[in-house]
Each structure stands twice: as structure tokens, then as C-alpha cells.
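# Understanding the architecture of this molecule
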Amino acid sequence: MTFSLRFSRRIRPFVQYELEAATRRESRGEFEPSFSHLERAHILAQASTVEHVRVHWAMFRWSLRHGLVGESIGQAWRIAGAALKTWLWVPVGNTGGSKVSGIRTMPVPPDLQRCIDEARH
């Protein structure tokens, strides 16, 4: 099994945990914390094309539910970028929202770095 397939399989449960946390927070009307979980999922998913696209799709749907046109447009572009360029390069630590440049690298929170390291080895 290639590295990318193995990583995708191993990172998926961590990504899924953050996506489910986002859903729980949103269902309680906690909109900002719910998007923060989507951003955490994005950081985890960046090195996997499938997971990366899946997270941007979740961000896109979230922005539509909240009527955020700018975020929706930004996520539509990011879905295409994730599908086409994840294998080439991603800005490590980038949170994936449209308010952050798509090429800006950012620090990875230590708890997420541990998950990424675990998935890589």
C-alpha cells in the first residue's frame, strides 16, 4: 500500500472525529466552535486528497446553511484546489477557511500534530 493510501486510511478516524464534533456543536447553535472543528479537520486532512476534499465539502455545506456567500464561493474554489493540488503541495497548518489565504502556512496545534504523526507511522 502506498504512503498516501495508508495515511488516508489512518487519518480518517481523526478527521471524522472533528467533523462529528462540528456537527454536534452546530446542532446546539454553537456556530463559531462548530467551524473551529471543521478547521481542525482541515489541518488533519491536508495530506490526503480524499479527506482534504471531504473537509472542504463539509465547510461548503456549513457555509450554505449559514448563508455565507463569500465563504461558500471560497470553499467551492478550495474544493477544486484540494482535488487537483493536494498531491503536489499544501500549506501545512492552514485552517482552510476563506478568510485565510489558501497558501498561508500556519502552526499545527500539538494535539493535531500527534494525530498526523501517528497516521504517518
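Below or above, wherever it landed, is the structure these notes cover. Keep in mind the model is a prediction, meaning the values are calculated, not measured. (Residues numbered from 1 in each chain as written. Predicted model: local features only at pLDDT ≥ 70, side-chain atom pairs only at ≥ 80, totals over all residues. Heavy atoms only, no water.)

## Quick notes on the pattern of salt bridges
This model, assessed by the stated rule, comprises 7 salt bridges. Glu 51 is the partner of Arg 12 in a salt bridge, and the nearest nitrogen-oxygen pair spans 2.7 Å. On the criterion of sequence distance, the pair formed by Arg 12 in helix α1 (residues 3–27) and Glu 51 in helix α3 (residues 49–65) is long-range, its members being 39 residues apart. One salt bridge in this structure joins Glu 30 and Arg 25, with 2.3 Å as the shortest N-O distance. (Salt bridge = Lys/Arg side-chain N within 4 Å of Asp/Glu carboxyl O. Helix = DSSP H or I, 4+ residues; strand = E, 2+ residues; numbered from the N terminus.)

## With respect to the packing of aromatic side chains
Inspection of every chain in the model, using the stated rule, returns 2 aromatic pairs. Their ring planes at 50° and their centres at 4.7 Å tell us that Phe 35 and Trp 62 sit as a pair that is tilted. Note that Phe 35 is positioned in helix α2 (residues 31–45) and Trp 62 in helix α3, a separation of 27 residues in sequence. As far as burial versus exposure is concerned, Phe 35 and Trp 62 are alike and both buried. An angle of 25° between the planes, with centres 5.6 Å apart, marks the rings of Trp 57 and Phe 60 as stacked. Of the two residues, Trp 57 and Phe 60 are both situated in helix α3; the distance of 3 residues between them amounts to about one turn of the helix. For Trp 57, a relative accessible area of 44% corresponds to the partly exposed category. With relative accessibility at 17%, the residue Phe 60 sits in the buried group. (Phe/Tyr/Trp six-rings, centres within 6.5 Å; stacked < 30°, edge-to-face > 60°. Buried < 20%, exposed > 50% of the residue type's maximum accessible area, 1.4 Å probe, protein only.)

Purely geometric stuff here, so don't read any function into it on its own.
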